[in-house]
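# Structure assessment
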Amino acid sequence: MKVLITGGSGFLGAWIMKRLLARGMDCVAFDLRANARLVEALAPEHAAAVQWRTGDIASAEDTARALEGCDAVIHLAGILTPDCAANPVRGAQINLIGTLNVFEAARAAGLRRVLYASSAGVFGPDDGAAPLPQTHYGAFKLACEGSARAYWHDHGMASIGFRPLVVYGAGRESGSSAGPSLACRAAARGERYTIPFSGSTGLVFADDVAAAYEAALLRDFEGAHAFTLAGEMTPVATLIERIEAIAPGARIDASGPPLPIATAFLHDPALARLLPGLPQTSLENGLRETVAFYRHGLKITQAS
């Protein structure tokens, strides 16, 4: 199977490609610029096999060209909350129009399924059941979910969008919720770092999110689904304590308001029925692995 991963230079794309490459799948990475440094660090024995295609996800032509010859697509390309707030029009062009471009290219290519990245940002700060975003980023992601349902209704194109909360792990170094990963990096290097938010949030290890995409890719399903990956609900103070236990002498603190995302989520039994047995890495093990990665001195420069 040849799989297109849009946003392939990014953090989550590298973790997903690590899994798919280990299965012997062919990976095609699509981004504005090719940046293989993270996938090379995570999967050094397989990274050279990735085929890179460059272009703009907001361009229908570029997107269709990227999908040529591929049997499946995992759509991750997008810009994060701060960039959407700074330029909402460009945010919509990339996050919403880009997603429509992927669905249209997949439909034209005869694909029957699309896997894509939604976000827990579709929820507001008070309710993890009824979507009510308070950011442009969350609003665009919610619109993508609605469009995915329309593609199922209109064309029979199935889809799954995953809504992870705060994803952490090696290489997560940008975005408003990158604080846990950056704290692990700082602790590994003996640097001071302030996590830029307080309160509690769900922490999801990157490989668990990658495993969900892998499982969805290998599963036959119908319908348009959006599943929340809440992870382990953790107060920021507890996160700091766990990092300090792994890296004694770490100089980590936190400051700022809580993230504008709900901290209580209803369990969705449909996820376990459709994708049973998804891994759930404990926070301690995930943090330990992230700190260990940065202790090896690996520096990742992500594409902007």
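See the structure above.
Since we're looking at a predicted model, the values are computed, not measured. (Residues numbered from 1 in each chain as written. Predicted model: local features only at pLDDT ≥ 70, side-chain atom pairs only at ≥ 80, totals over all residues. Heavy atoms only, no water.)

### Observations regarding the overall build of the protein chain
As a reminder, the rule being used: Numbered from the N terminus, helices here are DSSP runs of H or I no shorter than four residues, and strands are runs of E no shorter than two. With C-alpha atoms as the basis for the radius of gyration, the globule rule is written as 2.2 Å multiplied by the number of residues raised to the power 0.38. To sort residues, take the accessible area from a 1.4 Å probe on protein chains only and compare it with the maximum for the residue type: under 20% means buried, over 50% means exposed, and anything in between is partly exposed. By definition in these notes, contact holds between two residues if any of their heavy atoms fall within 4.5 Å. Only the protein chains shown count as cover for residues, and the accessible areas themselves come from Shrake-Rupley with a 1.4 Å probe. Positive: Lys, Arg. Negative: Asp, Glu. His and the chain ends are not part of the count. One atom stands in for each charge, and that atom is NZ of Lys, CZ of Arg, CG of Asp or CD of Glu.
Within the protein chain, the secondary structure is distributed over 11 helices and 12 strands. Scaling as 2.2 N^0.38, a compact globule of 304 residues should have a C-alpha radius of gyration of about 19 Å, and the protein chain matches this with 18 Å. Taking the principal axes of its C-alpha atoms as reference, the protein chain extends roughly 55 × 45 × 40 Å. Within the protein chain, buried positions represent 52% of all 304 residues. Here the analysis covers contacts within the protein chain between residues at least 6 apart in sequence; of these, 78% occur between residues at least 24 apart. When the accessible surface of the protein chain is summed, it comes to about 12,800 Å², and 51% of that surface belongs to carbon and sulfur atoms. Across the protein chain, the centroid of the 26 positively charged side chains sits 3 Å from that of the 29 negatively charged ones.

### Observations regarding the packing of aromatic side chains
Applied cut-off: The aromatic pairing rule takes the rings of Phe, Tyr and Trp, using the six-membered ring of Trp, and pairs them if the centres are within 6.5 Å, calling planes under 30 degrees apart stacked, those over 60 edge-to-face and the rest tilted.
Scanning the model with the defined rule gives six aromatic pairs in all. Seen from their ring centres, Phe162 and Tyr213 are 4.9 Å apart, and the 75 degrees between their planes marks the pair as edge-to-face. Of this pair, Phe162 sits in strand β6 (residues 158-164) while Tyr213 sits in helix α8 (residues 206-217), and the two are 51 residues apart along the sequence. Of the two residues, Phe162 and Tyr213, neither departs from the other in class, the shared state being buried.

### Re the sheet that holds strand β9 (residues 200-205)
Note the threshold: Pairs of strands are assigned from DSSP output, requiring at least two bridges between the strands. To define axes, lines are fitted to C-alpha atoms, for helices over the stretch in contact only, and angles between the resulting N-to-C directions are given on a 0 to 180 degree scale.
Taken in spatial order, the three strands line up as β7-β9-β11 in an open sheet, and their pairing is mixed. A strand with exactly one partner marks an edge of an open sheet, and here the two such strands are β7 (166-168) and β11 (232-235). Averaged over all adjacent pairs, the angle separating strand axes in this sheet is 45 degrees, with direction ignored. Packing against the sheet, α8 makes contact with β7 and β9, and its axis sits at approximately 65 degrees to β9.

### Focus: the environment of Leu274
Relative to the helices and strands, Leu274 is located in helix α10 (residues 269-274). Remark: the alpha-carbon pair of Leu274 and Glu145, spanning 129 residues in sequence, is separated by 18 Å. What Leu274 contacts, discounting residues up to four positions off in sequence, is Ile160, Arg219, Phe221, His225 and Phe227.

### Focus on the sheet that holds strand β1 (residues 2-6)
Spatial ordering of the open sheet is given by β3-β2-β1-β4-β5-β6-β10, a layout of seven strands whose pairing is parallel. Edge positions in the sheet fall to β3 (51-54) and β10 (224-229), since each has one partner strand and no second. Averaged over all pairs of adjacent strands, the angle between strand axes in this sheet comes to 20 degrees, irrespective of strand direction. Pairing between β1 and strand β4 (residues 72-75): four bridges, direction parallel. Bridge pairing in β4 links Val3 to Ala72.

### Some remarks on the pattern of salt bridges
Quick note on the threshold: The salt bridge criterion pairs a side-chain nitrogen of Lys or Arg with a carboxyl oxygen of Asp or Glu, the two atoms within 4 Å.
Summed over all chains, the structure comprises nine salt bridges. One salt bridge connects Glu214 with Arg19, and the closest N-O pair in it is separated by 2.6 Å. A residue pair is termed long-range when its members are at least 10 positions apart, and Glu214 in helix α8 and Arg19 in helix α1 (residues 11-22) qualify at 195 residues. On the basis of relative accessibility, which here comes to 10%, the residue Glu214 falls in the buried class. Residue Glu284 pairs with Arg288 through a salt bridge whose shortest N-O separation is 3.1 Å. Of this pair, Glu284 and Arg288 are both found in helix α11 (residues 283-295), four residues apart, which corresponds to roughly one turn of the helix. Among the residues examined, Glu284 registers a relative accessible area of 39% and is labelled partly exposed. The network of salt bridges with shared partners includes Arg19, Arg23, Asp207 and Glu214.

### Some thoughts on the nonpolar core
So the rule is basically this: Nine residue types can take part in a nonpolar core, namely buried Ala, Val, Leu, Ile, Met, Phe, Trp, Tyr and Cys, and a core is a set of them joined through side-chain atoms within 4.5 Å.
If you look at the biggest cluster of nonpolar residues, it comprises 71 residues, and the most contacted ones within it are Leu20, Phe162, Ile195, Tyr213 and Ile252. The element best represented in this core is α1, accounting for eight residues. The residues contacting Phe162, other than those within four sequence positions of it, are Tyr116, Ala117, Ser118, Ser119, Ala212, Tyr213, Ala216, Phe227, Leu229, Leu271 and Leu275. Judged by nonpolar contacts, the second largest core, of 25 residues, contains Leu4, Ile57, Cys84 and Ala106.

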